[in-house]
Structures are given as structure tokens and as C-alpha cells.
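Given next are the chains, with one letter for each unit.
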Amino acid sequence: MTEMNMVGAINDALHLEMERDDDVMVLGEDVGVNEGVFRITEGLLDKFGEDRVRDTPLAESGIVGVSIGLALYGMKPVAEVQFMGFMWPAVDQLSSHASRYRNRSRGQYNVPMVLRAPYGGGVKALEHHSESFESVLAHIPGLKVVIPSTPKDAKGLLISSIRDPDPVVFLEPKKLYRAFKQDVSEEIFTEELGKARVVQEGEDITLVGWGAMVPKMVKAADHVSGEGISAEVIDLRTIYPYDEETVHESLRKTGRLLVVQEAPRTLGFGSEVVSRAVKKEMLSMKSPPMRATGFDVPFPLYKMEDWAIPDVDRIVKKIREAIGW
Amino acid sequence: MGIELEKPESPDMIQILDKDGELVGEEPDMDEETLKEMYWWMFYARKADEKALKMQRQGRMGTFAPIEGQEAAQIGASVAMKDDDWLVPAFRELGTYLERGVGLEKNYQYFMGDVRGNEIPEGVNNLPIAVPVSTQIPHAVGLAWAMKIKGDEGAVLTIFGDGATSEGDFHEGLNFGGVLNVPVVFFCQNNQWAISVPLEKQTASDTIAQKAHAYGFPGVYVDGNDVLAVYEATKTALKRAREGKGPTLVEALTYRLSMHTTADDPTRYRSQEELDEWKEKDPLKRFRIYLKDKGIWTERWQEELEKKAKKKIDEAVKAAESIEEHSVEEMFEHMFSEMPKDMRDQMEYLKRSLEEKEIEEEQVEIKEGFP
């Protein structure tokens, strides 16, 4: 075991998979010589050379489009878009092609690529550097959307994403990149895609979230435990495919649901979680499902960013509201 | 008979002042006042940029994109513009904003994380900063098209960097500009580095200027550290645009002496030798020598400018740092001409939760550590 933060764990996963499989390669802006603006790709260019670690022109649609071609021909590209806010030009390639080649060719072709991007706010960044539109990507049929919240999960989930035969968007909550360290095995290991993780068990309410909201949910659960409320915390880890079973099993026990999402409120992934819960677990529910979310405004410049993201206070108030229903 | 396939020829670089301030091209017909103005704006922009970097290092300002070394490109372009022309900027154009009449306090405010810094003063024809690279280029074409349809005077100038020329919006914007034959000047500040990616990894073209030929209009390649050459080229391109002859691509070859943004460390990817070489080509230095040779620049005048710049910068810092705090309303206002009820409800919820706030998140420790 080695203590790693999330940056180190992702870097470790890339090193291990590139050593294991010559078809795995990395491409994107500043991923080579500069080793990534967050140093995610440290040491890769030196070890694997420019054919497999490539600084590309500044063009997100190009990066993803070229990756699709590489993947179709048998490479396993791990592409990077530097910030999720700049992903929009690439969304065309994702939705028009990466997600469709298998279906369009009746299984004859597939696109085993990963698109990595840091996402989310809370780091006092410039405009377009703090967005969370994971629900848009989950809405595209044919894409898997993976979001780790710990170093260990980041490593295991990225290795699984690279080995997955279909396109995976791997979103990294940049607020958590260096937030804490964790003991992580130096060996290769995988974490199954599409499986949520019960972070802590509880009896009275189920808190569901992903990415940088997970530590906030844990803090809120800690806080309300002093008030005699026992909260179960679930980290989805993959938002598509959605692990309904783990969430619903919890709901059958607690009877209450609060989804915490950093993204704007309307049509965030929380809407899907709530909708499924209402359909299948209505009779288990003791209170209406609730959400603590961002607001329907563009992510603001940093003087207002603390307002934009759900905080522990807002999560605690929602928990109390659900319990007191 | 075989077909010969050859790389296209690239244009020669236009230069009026060489790196030592020697006249090597045709001297433009400019009065002393304009020359002095140009020098002032270049000098002021550099000092304002230096101060911003200091404040960022002191934690008084957020991430921003320094302009050091690009003053001639920015001031040469904006001085060539007329007031009824429109500026469509990217995000590394402090000099241009200042010369166009956006106060320094607004620029500082923006990089202090305050969206009110984006407000454009009455009568200044600028669009606000556009961060996603190259995305503003088609907007410039749209403005120019509207100008043409309405029969208005003027032209549009849009600024972007070398990295932007790899994006689809650059190519789509230039193609529309050519097809519609509208009054627009595409101004590329080629500072040769898109964060850590050098020009030769950005494009296989020898110059960016030659890309214009593919869209059916002229491309001009100028020394971007020579304010006179930039001014002449931009003025000519704007005049051509106003005369209804269509777009021009101006490539101003310059160099980013500082970091991409304050979050960047350029020593990771480029050499001290290269940096030193470009410091020798400093745009302010060569222009000062030229002005001194003409008897315009004196030590005493320089002292006056230093004093004037310091005073203006101090005032701007004070204004930016003493602005009243945001109200919650400001996060929700300006989304639509009228606020929908749904948004008003969200705003009221946030106001209420801030008023009733009892837990400060930073003070909450996770007892067992994060699982």
C-alpha cells in the first residue's frame, strides 16, 4: 500500500495500464511535456515516448474525433479535455459517433476509448473552468459516465474504464484532486463500473451523490448523527449505468432519500434518481424524495461560487426537513 | 506526366522597427501625439499587468492571463481601430481593453472573481471576455454581417491566439467571413505557446497568415513586437473592410514572456535561452529607442509616465478592492429579461438558507477520516 491523493492514483493507473498494454495511449492538450495542467500524466512521456503520449493541437472535437478513429483501428486512447467546460465541441463527436458506432454497425465496430476531464467547482477558477454537466453526458445513449470520489476508486475505476470495450467518460472532481490521501495498492486492481459504493450505513435516510459531493454528504451525516439521525451515504461512482439496486435496497431500509448534486437543479442526474425511486419504492417512502443542488445559473466567478455549490449546512437542513416530514 | 505536390509558400514578415528600434521599413505617417499615446498605453498596460501578477501572488487576485511581451500587438491593433468599430476579444488583451476605454479597475475586478468587472462602459463597442478558445470568432462575423445589412459605418476586429487557429470555430468563422464578404479583421496574437504546446505542434503551416488564402482573402504576417508594423497592417485591413472589400487575417508574431496563466509554470516546457532571445525583442524597448531617436522620448517624460501609471494603478486597485459585496440577487439576475418564477424561488431559497445558516462547512471535520 502507498498513500496517494487522487492525482497520484490516476497517474498510477495510467502508468500500469500503459505498461501492461501497448495499445493504451494518452492524448490531449499539455499532457506530454507539461505532464498535464494538474500533473495527471507525470512521467508518461519520458517512459512511453511521443507515439503513445501526445500533445495535441488545441481542439476538443479533434481530440475526441481522432480518438474514435484510433479506437476503431485497435488502439485504446485515453484522451483528455483540459476542463469539462471546454468539452462542448467534443460532445458532437461523443453523441454522434463514439456512442453510436457499435449500434450503427450492428456490433461490427466498437470504440474502446476513455475521455478524461476534470470537472466541478470550488477551486476559485475562471469562467468555464467549474462546470458539472455530467447529466448531459449520461443522457447520451451509449456512453458510460464514471465519477470517482476517492483515490482508490479513481485508480480501480480508471483501469476498468480503459479495459471497457465501449466509450467511457471519466470525470474527475478537481476539488478532490489533492484534498486527501488514502492507502492505495500499488498493484493493478479494478473496480466494477456501474456499481455504487455504500460509504457508510445508516437507518433513517439515504444520501446519494457523486464526485465532490461525497465528502460533503459524509460531513453532513456526521453532523446529524449528533441529533440522533442515522444517515446512509451512497457514492454512485458511475452515474450511467445507474446502480438502482444499491440505492433502492437502501431506500427500503431508510424510507427517505436526499440526492446531493453540484450541477444546476433542473434535469440534473438527481432527477433520474428521484424518478426511479418514486416509480419503484413509493410504498417504502416516509417522505418525498429531496434534492440539494446547484442553481439554474451559469457557474459564477469565484466571489459567488460558495453560494452555487450545496454546502453541509444546506444538506443538513434538507435531512432535517425529510426527517421532520 | 506526374503531379507535383508541394507545400504552399508562406508570406514574408512585415517589419518597420527591428529589435533595436532601427527603421527597416516605411515609416508610417503619424503625428507625435499618436506616437506618444501608443507608448503610454503600452507602458501602462505592462505596469498594470505587473501589478496584477503581484496581487495574484499575494492572494488578492485570482487566476489571470498575463500579457507581458504582447503590448505592441495589443496597442497597435486597438489604436488602428476607430470608435465605431467593434472589438470581439478573447481573454489576454489587457492592453486593448485599456486603450479601448475599459477602466483598469474593471479588469482587476473581473480577475478578482467579480462578474461586474465584465461591464462595458457606455459608448465602448466591445464584447466581454470570451474564455473558451476561438468561440468568439464567429460572433465577430455575425456582428460584421449585421453592420453590412444595416449599412452602418465601421468594422469588427476579433482577437485570438495561435492555439485558437486549431479549433473548428476559427475555420468556420473565417469561412463565413469570406463567403459573406463582411467587414471583419481576424487578428491573431501569435505568442507561439498555447500553454505548453509550441506553434510547431499546433500547425504544420509555416505561418498562420497563409491560412487566410484557403478562405479567399488576404493574410498578412507582421512582427507583432513592432507596434508600427502592427498598426499599419491593422489599419490597412480595417480600411479594406470598411470599403466593403471583405475580411483580412492579420498574424502578429509575438511572444508570451510570462506564464499562460498564473497557474502555469513555463520553466517546465521552454528554455531560458528562448526566453532571453525574446526579451531582446521586447516591444517597449524598441519603440522607446525609436521615439528617443526622434526626440520624443526623454527621461523626464518617462518619469511623468511612471508617476501617472502608478497613480492610476493605485486608484484601480483601491476601487476594485473596495467594491461592495455581491447581493444574492446578482447570481440570479440577468438570466432573462424577466426572472421566471422558478428562478425566483431558487433565489429566495438561497437567501433564506444564508440568513439561517448555522454550520460553517470548513469547521466540520470528518471524525473517522474520509472513507
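Residues numbered from 1 in each chain as written. Chains lettered and ligands numbered in written order. Predicted model: local features only at pLDDT ≥ 70, side-chain atom pairs only at ≥ 80, totals over all residues.

Caption draft 1: Highlighting the pairing of strand β4 (residues 76–80) of chain A. Residue and element names in this part refer to chain A. By the criterion of burial, β4 is predominantly enclosed, with five of the five residues buried. Judged by which residues are buried, β4 turns out to be covered on both faces: Lys76, Val78 and Glu80 on one side and Pro77 and Ala79 on the other are all buried. In this structure, β4 lies alongside strand β5 (residues 114–119), joined through three bridges in parallel fashion. Along β5, the bridge assignment pairs Val78 with Val114. (Buried ≥ 20, exposed ≤ 12 C-beta atoms within 10 Å, placed from the backbone. Helix = DSSP H or I, 4+ residues; strand = E, 2+ residues; numbered from the N terminus. Pairing = 2+ DSSP bridges.)

Caption draft 2: Fine view of the domain arrangement of chain B. When the domains of chain B are assigned, the result is domain 1 (32–321) and domain 2 (329–358). Computed from C-alpha coordinates alone, the two centres of domain 1 of chain B and domain 2 of chain B are separated by 37 Å. (Domains from an automatic or database assignment.)

Caption draft 3: Highlighting the interface of chain A and chain B. Taken together, the 41 residues of chain A in the interface contact 38 residues of chain B. Class assignment for the residues of the side of chain A that touches chain B results in 22 nonpolar, five polar and 14 charged. (Contact = placed C-beta atoms within 7 Å. Nonpolar A, V, L, I, M, F, W, Y, C, P; charged D, E, K, R; others polar.)

Caption draft 4: Structural detail: the sheet that holds strand β2 (residues 156–161) of chain B. All names here are of chain B. The strand order across the open sheet formed by five strands is β1-β2-β3-β7-β6, and the pairing between neighbours is parallel. The strands lining the two open edges of the sheet, one partner per strand, are β1 (86–88) and β6 (219–223). Here the strands of the sheet are splayed against their neighbours by 20° on average, with no regard to which way each runs. The sheet strands contacting helix α8 (residues 227–242) are β2, β3 (184–190), β6 and β7 (248–253), and the helix crosses β7 at an angle near 170°. (Axes fitted to C-alpha atoms, helices over the stretch in contact; angles between N-to-C directions.)

Caption draft 5: Representation of the environment of Glu50 of chain A. Residue and element names in this part refer to chain A. When you line up the elements, Glu50 lands in the loop between α2 (44–48) and β3 (53–55). Judged by the 11 C-beta atoms lying within 10 Å of it, Glu50 is exposed. For the pair formed by Glu50 and Gly32, sequence separation is 18 residues and the distance between their alpha carbons is 7.7 Å. Excluding its chain neighbours within four sequence positions, the residues that come into contact with Glu50 are Gly32 and Leu45.

Caption draft 6: Region of the structure containing the pairing of strand β13 (residues 257–260) of chain A. Residue and element names in this part refer to chain A. Of the two faces of β13, the one lined by Leu257 and Val259 and the one lined by Leu258 and Val260 are each fully buried. Here strand β10 (residues 205–209) runs beside β13; their pairing, made up of three bridges, is parallel. When the sheet's bridge partners are listed, Leu207 is paired in β13 with Leu258. Running through helix α10 (residues 269–281), the crossover from β13 to the neighbouring parallel element strand β14 (residues 290–292) is right-handed. (Right-handed = clockwise from strand over helix to strand, strands pointing away.)

Caption draft 7: Broad picture of the confidence of the model for chain B. Mean pLDDT over chain B: 96, with 98% of residues reaching 70 or higher. Interface confidence for the predicted complex, expressed as ipTM, amounts to 0.96; the pTM equals 0.97. (pLDDT = per-residue confidence, 0-100.)

Caption draft 8: The arrangement of the packing of helix α4 (residues 104–111) of chain B against helix α11 (residues 299–321) of chain B in detail. Residue and element names in this part refer to chain B. Two numbers describe how α4 lies on α11: the axes approach to 8 Å, and their chain directions differ by 45°. On the basis of the axis angle, α4 is oblique to α11. Between α4 and α11 lies a crossing whose hand is right-handed. Judged by residue contacts, Leu104, Glu105, Tyr108 and Gln109 of α4 engage Lys312, Ile313, Ala316, Val317, Ala319 and Ala320 from α11. When its residues are assigned to classes, the contact of α4 with α11 shows seven nonpolar, one polar and two charged. (Parallel < 35°, antiparallel > 145°, perpendicular 65-115°, else oblique. Left-handed = near helix turned anticlockwise from the far one by under 90°.)

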